[in-house]
Amino acid sequence: SQTIHQWPATLVQPVGSPLSLECTVEGTSNPNLYWYRQAAGRGLQLLFYSVGIGQISSEVPQNLSASRPQDRQFILSSKKLLLSDSGFYLCAWTKQGQETQYFGPGTRLLVL
Amino acid sequence: GEDVEQSLFLSVREGDSSVINCTYTDSSSTYLYWYKQEPGAGLQLLTYIFSNMDMKQDQRLTVLLNKKDKHLSLRIADTQTGDSAIYFCAGRTSGTYKYIFGTGTRLKVLA
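Note that residues are indexed from 1 along each chain, following the sequence as it is written. Think of it this way: whatever chain is written first is A, whatever ligand is written first is 1, and the rest follow in order. In keeping with the predicted nature of the model, local features appear solely for residues at pLDDT of at least 70, side-chain atom pairs appear and are counted solely at 80 or more, and the whole-chain, interface and lining totals rest on all residues. Remark: hydrogens and water are excluded; side-chain values derive from all non-hydrogen atoms of the structure.

Novice: How do you make sense of unusual backbone geometry when you look at a structure like this?
Specialist: The general pattern is negative phi for most residues beyond glycine and trans for most peptide bonds. That bond from Trp7(A) to Pro8(A) is cis: its omega, 0 degrees, falls within 30 degrees of zero. Within the chain, Gln59(B) stands out as a residue other than glycine whose phi angle is a positive 55 degrees. In DSSP terms, a helix is any run of H or I states spanning at least four residues, a strand is any run of E spanning at least two, and both are numbered starting from the N terminus. Assignment of secondary structure puts Gln59(B) in the loop between β6 (55-58) and β7 (61-66). Phi is positive for Lys70(B), close to 55 degrees, though the residue is something other than glycine. Following the sequence through the fold, Lys70(B) ends up in the loop between β7 and β8 (71-76). Note on exposure labels: buried denotes an accessible area under 20% of the residue type's maximum, exposed denotes more than 50%, and partly exposed covers the range between, all computed with a 1.4 Å probe on protein chains only. Since its relative accessible area comes to 26%, Lys70(B) is described here as partly exposed.

See the structure below:
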């Protein structure tokens, strides 16, 4: 069966520090991968998606970047965090040609 | 771009029916989804409907789609306290990889 992991679960970082959030999927190959951000009291904002290794589409210009170094690994990064980067970051995947999008447990990021 | 809107809050009594509404702007949306998010957790897919369908029923869940008005609803029959959560509608156009999510409706079930 397929599973999706995210870590860390919770992160508190100072403004200006770097960020690296990791997402991995097990039990499938060549998934489409997604990063979303959910700010307090708001809906889901699509940040990045990837349809293959090294292929990243950015939806919102900001100080975040994403990389996909391996087929089932998706990394969200920042060189310098802003206060506005605080939120709940969700990774998701879909199987090519299928409808269901599966979400990871999320990482709660607080930038102080 | 597409916009998906939902009311922010809904409160119902246990045992009553809940109806969560969603409106979308992109008529090319081919697939429409309902997700549930429990506190501090990721999203769980509840059900989805193709744009060529008007209704889909799955146990206590009924999805209604009005394509003319671009309106989607989720009815939960016999609502239980365990149904308290945030419910998101989302849409996707065939041939694209992007899912557009609504703002979410927080459902509170009163005992």
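Now that the structure has been shown, we can carry on.
Novice: Quick question: what am I supposed to make of the pairing of strand β4 (residues 31-37) of chain B here?
Specialist: For a regular strand, side-chain orientation follows a simple rule: the groups alternate between the two sheet faces. All names here are of chain B. Within β4, seven of the seven residues are buried, leaving the element largely enclosed by the surrounding structure. The alternating pattern of β4 places Tyr-31, Tyr-33, Tyr-35 and Gln-37 and Leu-32, Trp-34 and Lys-36 on opposite faces, both of which are buried. At least two DSSP bridges between two strands are needed for those strands to be called paired. As consecutive antiparallel partners, β4 and strand β5 (residues 43-50) are separated by five residues, and within that stretch Gly-40 has a phi angle of approximately 70 degrees, a positive value. Relative to strand β9 (residues 85-92), β4 runs antiparallel, the two sharing seven bridges.

Novice: How should I be thinking about the nonpolar core in this particular structure?
Specialist: Side chains of nonpolar character tend, in soluble globular proteins, to be buried together. Nonpolar core, defined: a set of buried Ala, Val, Leu, Ile, Met, Phe, Trp, Tyr and Cys residues in which side-chain atoms within 4.5 Å join the residues together. One finds Trp35(A), Phe48(A), Leu76(A) and Tyr89(A) to be the most contacted residues of the largest nonpolar core, which totals 20 residues. Every element with two or more residues in this core is listed here: β3 (19-26), β4 (32-38), β5 (44-52), β7 (64-70), β8 (73-78), β9 (87-94) and β11 (107-111) of chain A. The contact criterion used is simple: two residues touch if any of their non-hydrogen atoms lie within 4.5 Å. Not counting the four nearest positions on each side in its chain, Phe48(A) is found in contact with Leu33(A), Tyr34(A), Trp35(A), Ile56(A), Ser57(A), Ser58(A), Leu64(A), Ser65(A), Ala66(A), Phe74(A) and Leu76(A). Among the nonpolar cores identified, the runner-up in size contains 19 residues, and Val12(B), Ile20(B), Val63(B) and Leu65(B) belong to it.

Novice: Is there a simple way to think about the environment of Leu74(B) in this case?
Specialist: Residues and elements named next belong to chain B. Tracing the backbone shows Leu-74 in strand β8. Residue Leu-74 is classed as buried on the basis of its relative accessible area, which comes to 0%. Taking the C-alpha atoms as reference points, Leu-74 and Tyr-33, 41 residues apart in sequence, are found 9.8 Å from one another. Setting aside residues up to four positions removed in sequence, Leu-74 forms contacts with Ser-18, Val-19, Ile-20, Trp-34, Leu-46, Thr-47, Leu-61, Thr-62, Val-63 and Tyr-87.

Novice: Just checking my understanding: could you explain the state of the cysteines for this structure?
Specialist: Working definition of a disulfide: a covalent bond connecting the sulfur atoms of two cysteines. Residues and elements named next belong to chain B. The disulfide criterion is simple: two cysteine sulfur atoms within 2.5 Å. Counted under the stated rule, the structure contains two disulfides over all chains. Shown here is the disulfide that connects Cys-22 with Cys-89, its sulfur atoms set 1.9 Å apart. Handedness here is read from the sign of the S-S torsion; for Cys-22 and Cys-89, about 70 degrees, the answer is right-handed. You can see Cys-22 sitting in strand β3 (residues 18-24) and its partner Cys-89 sitting in strand β9, a full 67 residues away along the chain. Accessibility classification places Cys-22 together with Cys-89 in one group, the buried group.

Novice: How should the sheet that holds β3(B) be read in this particular structure?
Specialist: In a beta sheet, neighbouring strands pair by backbone hydrogen bonds and run either parallel or antiparallel. Residues and elements named next belong to chain B. With antiparallel pairing, the five strands of this open sheet are ordered in space as β1-β3-β8-β7-β6. This sheet does not close on itself; its edge strands, each paired only once, are β1 (4-6) and β6. Adjacent strand axes in the sheet meet at a mean angle of 15 degrees, parallel and antiparallel pairs treated alike. Only C-alpha atoms enter the line fits that serve as axes; for helices the fit covers just the stretch in contact. Angles between N-to-C directions range over 0 to 180 degrees.

Novice: Is there a simple way to explain the packing of aromatic side chains in this structure?
Specialist: Aromatic ring pairs: the centre-centre distance and the angle between the two ring planes describe each pair. For this analysis, a ring pair means two rings from Phe, Tyr or Trp (six-membered ring only for Trp) whose centres lie within 6.5 Å, classed as stacked if their planes differ by under 30 degrees, edge-to-face if by over 60, and tilted for the remaining angles. Counted according to the given criterion, the structure contains 17 aromatic pairs over all chains. Between Tyr33(B) and Tyr99(B), the ring centres sit 5.4 Å apart and the planes meet at 50 degrees, which makes this aromatic pair tilted. Here Tyr33(B) is found in strand β4, whereas its partner Tyr99(B) is found in the loop between β9 and β10 (100-101), with 66 residues between them in sequence. For the pair shown, Tyr33(B) and Tyr99(B) are each scored as buried. Between Tyr35(B) and Phe101(B), the aromatic rings sit 5.4 Å apart at their centres with planes inclined by 50 degrees, giving tilted as the arrangement. With Tyr35(B) in strand β4 and Phe101(B) in strand β10, this residue pair connects regions lying 66 residues apart in the sequence. By relative accessible area, Phe101(B) is classed as buried at 7%. Here, a charge over a ring is recorded when the distance from Lys NZ or Arg CZ to the ring centre is within 6 Å and its angle to the ring normal is within 35 degrees. Here Arg108(A) stacks its cationic end above the ring of Phe88(A), 4.5 Å away from the centre of that ring.

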